[in-house]
Amino acid sequence: DTRMTPYGATRARVNYPVVLLKHRSVHFCGAAAFDTWSRVNTPELAGRRFGNRFRRLYYTWTDDVTKAEFRDWVEIDNTFDDGGWIFAGDLHLSPDGVVHLLWYRAPINRRFRDEHFPDIVRRYAICYARILNGEVILQKDLVQAGEGISDVVPTEIEAEDSVLGWKIKGQEVVEDPISTSRFQATPDGRLFVVYYVSGTGPDGTAVSENRILEIGADGAVSNPVTIPLAHPLTEYFTATPRAGCRPSSTIDLLGYRRGDFGLSANLPTTLSYARVRVK
């Protein structure tokens with residue numbers, strides 16, 4: 001689908017992928033950018049000056065990359081209904097051959113919504129799916145937040161609507177922060193999700209913390225638990241089986257504290273490390 005693809009491309013490009021390799025099988029998931037969505041069909045309201053535009057999430061795979069072509073694309077999710085955006089988070093392959101997929105749904109840019117589509121409700125979600133042989137066998141939201149639900153949302157809320165300081169065709173580029181939720185697989189076969197939240201709690205206090213929840217074998221989701229870090233990380237990598245690491249009850253986090261990603265503010269970028277043990 002090439003409706004108003006960026007830069008005049010003749011095909012939709014699947015960008016910023018999460019990739020998993022196992023015994024020559026390859027699983028590939030990424031987001032595709034579109035200038036248009038259900039309420040925008042003209043260039044006047046399209047483009048990155050109105051926020052991130054990754055509108056569709058695609059998945060494909062091959063059982064043996066040395067012998068077989070990749071299968072047809074599977075559309076996992078899209079944000080064409082509300083002008084939001086979407087981003088791949090993580091992949092995990094369980095021993096039974098089921099692919100576990102994690103992704104982030106972000107709302108329409110706040111300023112753009114207020115000026116042009118005030119009736120749209122801004123919602124955030126961390127989403128989860130199980131895929132077997134290209135078929136989605138389970139799909140659900142692990143975390144829901146935003147207007148009408150919760151003011152504690154899975155992103156660095158203070159950095160939303162930031163401007164990178166560069167322009168496309170004379171227009172400022174808006175760059176919303178990306179949620180980097182990650183799976184943590186343990187040696188006993190359990191599967192957890194680690195993520196970051198910020199905002200204002202029900203009692204009016206400021207919230208900035210990393211949390212962890214567990215996904216059961218039946219797909220049930222536990223209540224989240226706060227990871228007691230003095231300095232939570234807003235975006236991070238983990239030591240994951242996708243990177244050749246063994247399943248572990250220790251979570252290794254490498255990333256940024258709040259305000260330490262200096263790209264948007266033209267400041268130095270500082271990397272931090274944290275080690276967490278799952279009990």
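The structure contained in this document is the topic of the report that follows. (Residues numbered from 1 in each chain as written. Predicted model: local features only at pLDDT ≥ 70, side-chain atom pairs only at ≥ 80, totals over all residues. Heavy atoms only, no water.)

A word on the nonpolar core
Taken as a class, soluble globular proteins show a tendency for nonpolar side chains to be buried jointly.
1) Next: Counting 28 residues, the largest nonpolar core has L57, Y59, I76, L101 and W103 as the members making the most contacts within it.
2) Next: At the level of secondary structure, the elements contributing two or more residues to this core comprise β1 (14–22), β2 (25–33), β3 (54–62), β4 (74–78), β5 (85–93), β6 (99–106) and β7 (123–132).
3) Next: Within the second largest apolar cluster, 26 residues are counted, among which are V152, V207, L213 and A274. (Core = buried A, V, L, I, M, F, W, Y, C linked by side-chain atoms within 4.5 Å. Buried < 20%, exposed > 50% of the residue type's maximum accessible area, 1.4 Å probe, protein only. Helix = DSSP H or I, 4+ residues; strand = E, 2+ residues; numbered from the N terminus.)

So, the side chain of S198
1) Next: When you line up the elements, S198 lands in strand β13 (residues 191–200).
2) Next: The buried category is assigned to S198, whose relative accessible area is 0%.
3) Next: Within the structure, the side chain of S198 is placed 2.9 Å from the backbone nitrogen of I157, a separation counted as a polar contact.
4) Next: If we ignore the near neighbours within four places in the chain, the residues touching S198 are D151, V152, V153, T155, E156, I157, E158, V207, S208 and R258. (Polar contact = N/O pair within 3.5 Å; in protein donor to acceptor, adjacent residues only side chain to side chain. Contact = heavy atoms within 4.5 Å.)

Examining the sheet that holds strand β16 (residues 233–238)
1) Next: Sheet architecture is open: 3 strands sit in the order β16-β17-β18, paired in antiparallel fashion. The open sheet terminates on both sides in strands that have one partner only, identified here as β16 and β18 (272–277). Across the sheet, the axes of successive neighbouring strands diverge by a mean angle of 40°, strand direction being ignored.
2) Next: Here 5 bridges tie β16 to strand β17 (residues 250–257), and the two strands are oriented antiparallel to one another. Note on β17: the bridge partner recorded for T238 is L253. (Pairing = 2+ DSSP bridges. Axes fitted to C-alpha atoms, helices over the stretch in contact; angles between N-to-C directions.)

Observations concerning the sheet that holds β1
1) Next: One open sheet holds the 4 strands; their spatial order is β1-β2-β3-β4, and the pairing between them is antiparallel. At either end of the open sheet lies a strand with only one pairing partner, and these are β1 and β4. Direction aside, neighbouring strands of the sheet carry axes that sit 20° apart on average.
2) Next: The pairing of β3 with β4 spans 4 bridges and is classified as antiparallel. What sits directly across from R56, in β4, is N78.

Some words on the environment of P187
1) Next: Mapped onto the secondary structure, P187 falls in the loop between β12 (182–185) and β13.
2) Next: Overall, P187 belongs to the exposed group, its relative accessible area being 59%.
3) Next: Separated by 84 residues in the primary sequence, P187 and L271 place their C-alpha atoms 28 Å from one another.
4) Next: In this structure P187 touches P247, S248 and S249, once residues within four positions along its chain are discounted.

Describing the side chain of D35
1) Next: Secondary-structure assignment places D35 in the loop between β2 and β3.
2) Next: Within the structure, the side chain of D35 is placed 2.5 Å from the side chain of R53, a separation counted as a polar contact.
3) Next: Those residues within four positions of D35 in sequence are excluded, and the remaining contacts are M4, T5, P6, V40, A46, G47, R53 and R55.

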